[in-house]
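Analysis of the macromolecular model
Listed here are the chains, written in short residue letters.
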Amino acid sequence: MASFVRRLARVAAGVTLAAMLAAGCASGNIATSAGTANAKATSSDEIMLYTSVSQPTIDAVISAFNAKHPDIKVSVFRAPTGSLNARIATDERIGGLKADVLWVSDPLTMHGYDSQGLLKRYTAPAAKALPAQYRTPSFAGAGLLYLVLVYQKGLSPAPTSWNDLTSAAYQGAAAVPDPGFAGSAMGALGYFGEQQGFGLDFYKKLKSNGGVQVKSPEDVITAVAQGKYKLGMTIADGALAAVKKGSPVKVAWPAPGAIAIYSPIGVTSKSKHAPAAESFEDFVLSKPGQQAIAKTGRQPSLPGVPGIDRPDGAKVVSPDWPAFFGDKAALLAGYQKIFGG
Amino acid sequence: MAATLVLVAAVIGWPLAKLVDVLVADPAGARAAVTSPGFSRAVAHTLETAAATTVLAVPGGGLLALLTARPAVPGRRTLQAAILLPLLVPPFVLGYSWTQAYGDAGFSDRLIGVTMPGLLGPIGIVVVGAVTLAPFSYFVVGAGLAARAEPDLERAARVSGANAMTTLRTVTVPLLRAPLGAASALVFVLALEAFALPAALGTPAGYDTMTTRIYGDLAQASEPALFTQAITLALTLVVLAVIVIWPADRLFKGSRRPTRASSQGLVPSRRSALADSVAAAIVWCYVALVVVVPLAALLLAALTPAVGVSPTPANWTLANFRTALSGQTYAALRHSLTLAVIAAVVVVAMGLLVVMVERHRRGAGLGTAVTAAYALPGSALAVGVLLAYGRHIGGTLAIILLAYVAKLWPLGHRPLAAVVDRLDRDHDRAARVSGASPIGAWLTVVLPRLAPALCGAALLVFLTVLHELTMSSLLYGPSSQTLAVVVLNAQQLGDVGATAALSALMTALVLLLATPPLAWFGLRRVRPRPTTSVRIPQRELADVV
């Protein structure tokens, strides 16, 4: 009996391993067939893009890029910021980063990579047209997110300033996204935390005014549209899209200004296809690349390329990213003392 | 035995070792993680919600299994399928569908002005968690009921004058100890590593758990210290799981002996048609509350063009469904189906392997070992698998499959172990004595009894894989995108309508695919006993009477 069990166990183990190998081969086949298909189309450079930017935007930019550079194939790994970070950290431990270009959603993440030496010092020719606060010697902003206020249609008085979040007029009615969760909310913490007249006190007042923390900027829009809260901090694109689709909400560009979070792109330091990677970055930052981004409902960072609707004279402010990168841990800990999480 | 150990080491041990290696390389980061101020609070939150969820879900699922166990219960097949529905909803929309159903400005609020108190916070995490995990308990206990050798014991108790409650308390439940133990282990560990619910329901209340902290750390892990911190927290979850599961496994081991029935309070009674109808009514109410209303809320959100627009038929649109389907869904669907089928077969085969080894050598700790990776959040396990095997099979379907198998192994093992524990060894010995070959004895005596549990386990794995997101989103390559990855990439993240449409579609798809096996599972369970007329061993009868 015992020897039979051993034999059966061995058979089962064999079957299992065989099945796994078969699956490996099957997927290998798929991979090679995809590879040969591409090889047929062109015989030259291929770059790998790691990104957390939304797929429609990536698709639009790559197809515009390929219209100009049909000889460079761009492969994409797209994942939310957390997964992207995990993948990059893992790559680093098993033979080095596989990406030639990184394009992420917030500058802090990029500063983190830069401080590890993952990025090449390279300024694309097109990057020189960008405002100085949207670039560093190793990366540049390909698009912008604006943090604004979203409020219920018909809310009176309508909010006009960030300070309204702490005003008694909206007691127990304001929602903000969680910086531990959403990179954009982290950017807001960077702005308020570093800014004279706000600081962590701003969040203390917000909390004691009954302000509530929700998970993401999208949750703020949903909750305000459903009437759970009267107003909240969110991303302009999402709020404008909701308005367009008929949600009962409006968007305010609060004083002193919408908080701009740029979406940085950069070439990796160990890229084996640096010229192709550089031409991709340059294209994304150039006018045609920026126009492709704008077409997907995102705000380009190049001045003069029309993007999302904003009122005349709307002001934009920007966190001091390099300073915030240094203070982030302390500010986040301070924030979490106030809001938990 | 040796082969099994090699398999455990390769599939679970090596990836875990690679994760430990991350801590070893950065001891300062690991220390910072466990000494950070919120660490013990997060551990406490995680343990208390997981324990409460288990206490609610396991008896709940067991009760559902008992209520629907009798073939005479009206609408039984439909009920059985409906109870399993929460399994089909991808976890990342569960919390959302509940806030839509019972939260402020949700379904019940608009309709009758009622909201569920405490939905945002620990109570909500526990209640919704219990509801979504109860099907696991239902599955395992149901399979245990279907395979038990002792309905005769219940009959004996009833004939001897015990009423239904007494029989349940003194015969049925003690005999179900092994399945209940198996269900508790699965549910507890799943509740430990649950992320979507604490994220959706805990964040607004400032209630953080280990998994939400891991997510937060990974979101900032472009700094190496925070990556180490995330891995440390993930491994802490494994330690917590093993600390709880290992003693429990020892406790539930060797519980094959039926306990002695008490002879007090014996009132003759029979479960009437009325009782069956009451049972059905109770289960229907449950299904309506926890399945139908949240899914209806989800569907309404999918059909509504934008949040805040009144969800009346005049406003309905299919635009959200078009958005949800705009990616390259076909190839991804093929990948997901391939993965789901292979994973179901492999995981069940591997579960069977462990069960066989355990049955013949009281392999202490093997069951605990295959459960270890189950406690790892998908992201951390994916990192471990990638560190271990990424050099060779990175970006292929094989590495995703490997991660699934490492994660879901206990889904193949625990339900089978619970049933095997109920089978009397004398039966296969009898078959052998009567001249059956070893394989013949397995095929004719053991395997038929295992059939419901085998199907159940395979189905659990299949369903889980079909909408799995976290691991595949980290492991996929250009040629191995899964359904959840493509669909979630295609839409603007956080777009409520498209997310709802996606989950409605996935639920429908999974329902479509799951119906035939579910029906078969139901049939198997209706059949009184696959191998009939085995005489009750003298010893057991003596214990009862």
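Conventions adopted
- Residues numbered from 1 in each chain as written.
- Chains lettered and ligands numbered in written order.
- Predicted model: local features only at pLDDT ≥ 70, side-chain atom pairs only at ≥ 80, totals over all residues.
- Heavy atoms only, no water.
- Domains from an automatic or database assignment.
- Contact = heavy atoms within 4.5 Å.
- Buried area = accessible area lost by both parts, 1.4 Å probe.
- Salt bridge = Lys/Arg side-chain N within 4 Å of Asp/Glu carboxyl O.
- Polar contact = N/O pair within 3.5 Å; in protein donor to acceptor, adjacent residues only side chain to side chain.
- Helix = DSSP H or I, 4+ residues; strand = E, 2+ residues; numbered from the N terminus.
- Axes fitted to C-alpha atoms, helices over the stretch in contact; angles between N-to-C directions.
- Parallel < 35°, antiparallel > 145°, perpendicular 65-115°, else oblique.
- Left-handed = near helix turned anticlockwise from the far one by under 90°.
- Expected span 1.5 Å × (residues − 1).
- Buried < 20%, exposed > 50% of the residue type's maximum accessible area, 1.4 Å probe, protein only.
- Arc of directions from axis to C-beta.
- Patch = residues over 30% accessible without salt bridge, like charges linked within 9 Å, V, L, I, M, F, W, Y side chains within 5 Å.
- Areas by Shrake-Rupley, 256 points an atom, 1.4 Å probe, with all protein chains shown as cover.

The next subject is the domain arrangement of chain B. Residue and element names in this part refer to chain B. Along its sequence, chain B is organised into domain 1 (43-209 + 261-310) and domain 2 (318-526). With 46 residues of domain 1 at the contact, the number on the domain 2 side is 49 residues. When the two sides are added together, the surface that domain 1 and domain 2 hide from each other amounts to roughly 3800 Å², 74% of it contributed by carbon and sulfur. In this structure, the salt-bridge partner of E193 is K407, at a minimum N-O distance of 2.7 Å. The interface formed by domain 1 and domain 2 includes 1 residue pair in polar contact (both at pLDDT 80 or more). Sorting the residues of the side of domain 1 that touches domain 2 by element identifies α4 (76-88), α5 (91-102), α7 (122-147), α10 (177-193) and α14 (273-303) as the ones contributing at least two each.

If you walk through the whole model with that rule in mind, you get 8 salt bridges over all chains. Residues joined by salt bridges that share partners form a network here, namely R41, D208 and R213 of chain B.

We now examine the packing of helix α2 (residues 55-68) of chain A against helix α9 (residues 274-285) of chain A. Residue and element names in this part refer to chain A. Between α2 and α9, the least distance of the axes is 10 Å, while the angle of their chain directions is 115 degrees. As summarised for this structure, α2 and α9 are arranged roughly perpendicular, according to the angle between their axes. Regarding α2 and α9, the two cross each other, and that crossing is right-handed. Residue-level inspection shows V61, I62, A64, F65 and K68 of α2 in contact with α9, the latter providing S279, F280, F283 and V284.

Residues and elements named next belong to chain A. Between the first and last C-alpha of α2 there are 20 Å, a value that for 14 residues agrees with the 20 Å anticipated at 1.5 Å per step. Listing the buried residues of α2 in full gives Q55, T57, I58, V61, I62 and F65. All buried residues of α2 project into a common sector of 155 degrees when viewed along the axis, lining one side.

A few words on a nonpolar patch on the surface. Residue and element names in this part refer to chain B. On the surface, L111, I112 and V114 cluster together into a nonpolar patch covering about 330 Å² of accessible area. The residue L111 is located in helix α6 (residues 107-112) in this model. The class for L111 is exposed, based on a relative accessible area of 65%.

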